[in-house]
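Here's the letter readout for the chains.
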Amino acid sequence: CRTSEGVLEVTGWSTASLPPGAALVIKPRRGGAPAVRVPAEATGPAQPAGRGPRSRPGRTGFRAQVPVAKLISSAEKGITPIDRAVHVHDEVICDISLDTGAGAKVRLAASTGTAGARAGDQGRELTVFVTQFGYLSVLERSHHLVVTRVEWAPDPAGQRLTVRGNCTDPGARPDAVR
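All chains use their own residue numbering, which begins from 1 and follows the written sequence. The predicted nature of this model means local features are confined to residues of pLDDT at least 70 and side-chain atom pairs, given and counted, to a pLDDT of 80 or more, with totals for whole chains, interfaces and linings taken over all residues. Remark: hydrogens and water are excluded; side-chain values derive from all non-hydrogen atoms of the structure.

Here we take up the overall build of the chain. Within the chain, the regular secondary structure consists of two helices and 13 strands. The contact definition used throughout considers only heavy atoms, calling two residues in contact when any of these lie within 4.5 Å. Relative to all contacts within the chain whose residues are 6 or more apart in sequence, the contacts with residues 24 or more apart total 56%. Computed by Shrake-Rupley with a 1.4 Å probe, the accessible areas treat only the displayed protein chains as cover when residues are assessed. By element, 53% of the accessible surface of the chain is carried by carbon and sulfur atoms, the whole surface being about 10,900 Å². Secondary structure elements follow DSSP: runs of H or I no shorter than four residues count as helices, runs of E no shorter than two count as strands, and numbering proceeds from the N terminus.

Buried residues of nine kinds, namely Ala, Val, Leu, Ile, Met, Phe, Trp, Tyr and Cys, make up a nonpolar core once their side-chain atoms join them within 4.5 Å. Burial classification: accessible surface area is computed with a 1.4 Å probe over protein chains only, and a residue below 20% of its type maximum counts as buried, one above 50% as exposed, and the rest as partly exposed. In terms of nonpolar packing, the biggest core is built from 27 residues, with L8, L24, F62, V66 and L108 touching the most fellow members. Broken down by element, this core gets its largest block of residues, four residues, from strand β7 (residues 92-99).

For the rest of this paragraph, the subject is the confidence of the model for the chain. A residue's pLDDT is the predictor's confidence in that residue, given on a scale from 0 to 100. Per-residue pLDDT for the chain averages 80, and the proportion of residues at 70 or more is 76%. When pLDDT is averaged over each helix and strand of the chain, the minimum, 59, is found for helix α2 (residues 81-85) and the maximum, 93, for strand β4 (residues 36-39).

Moving on to the environment of S17. Along the polypeptide, S17 turns up in the loop between β2 (7-14) and β3 (23-28). Taking the C-alpha atoms as reference points, S17 and R59, 42 residues apart in sequence, are found 7.8 Å from one another. Look past the residues within four positions of S17 in its chain and what remains in contact with it is T60 and T100.

Side chains of β4 alternate between two faces, with V36 and V38 buried and R37 and P39 left unburied. One bridge is not enough; two strands pair if DSSP finds at least two bridges between them. By the bridge criterion, four bridges tie β3 to β4 in an arrangement that is antiparallel. For I26, the partnering residue across the bridge sits in β4 and is V36.

The sheet built from four strands is open, its strands ordered β1-β2-β6-β5 with antiparallel pairing. Looking along the sheet, the strands with just one partner apiece sit at the ends: β1 (2-4) and β5 (41-42).

Let us now look at unusual backbone geometry. Positive phi values are uncommon outside glycine, yet E5 reaches one of about 50°. On the secondary structure map, E5 appears in the loop between β1 and β2. For E5, a relative accessible area of 81% gives the class exposed.

Right, here's the structure in full:
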């Protein structure tokens, strides 16, 4: 997964073929918001299945591009002003599935190296993570400053702690943060 210019791109492979109409489905776990569906397109021909007792089924690569604004607006639907006021729904977790058109949606499994893509829109941010069970999910929340590095350095007054990080919305960064 990666983000660029307001788009979350999800790439992977499936053991099922991808017919026309295959879609990536991102559904909030709560809030009653409808699922976001975007086309999942094959990125090349299916790889042939292996041979022998430890063979794997063939694989088809896919790619789907999800507009970040579409995800955030979906996650926010169905949230009442009272919920928003008391921050009940500050974080919304969305499950990511692949619908191959065969009637069943398959949750996407992922390695931990897949996680970490972040993007912001409308004062909110999305971050992709892998659940404890290995499934790919999206967390939608208020913008957060994310610490990426911490360093101690000598200083004439003793030690100086430098904290580095990033924010998906530089305009939302507090004045105290350079």
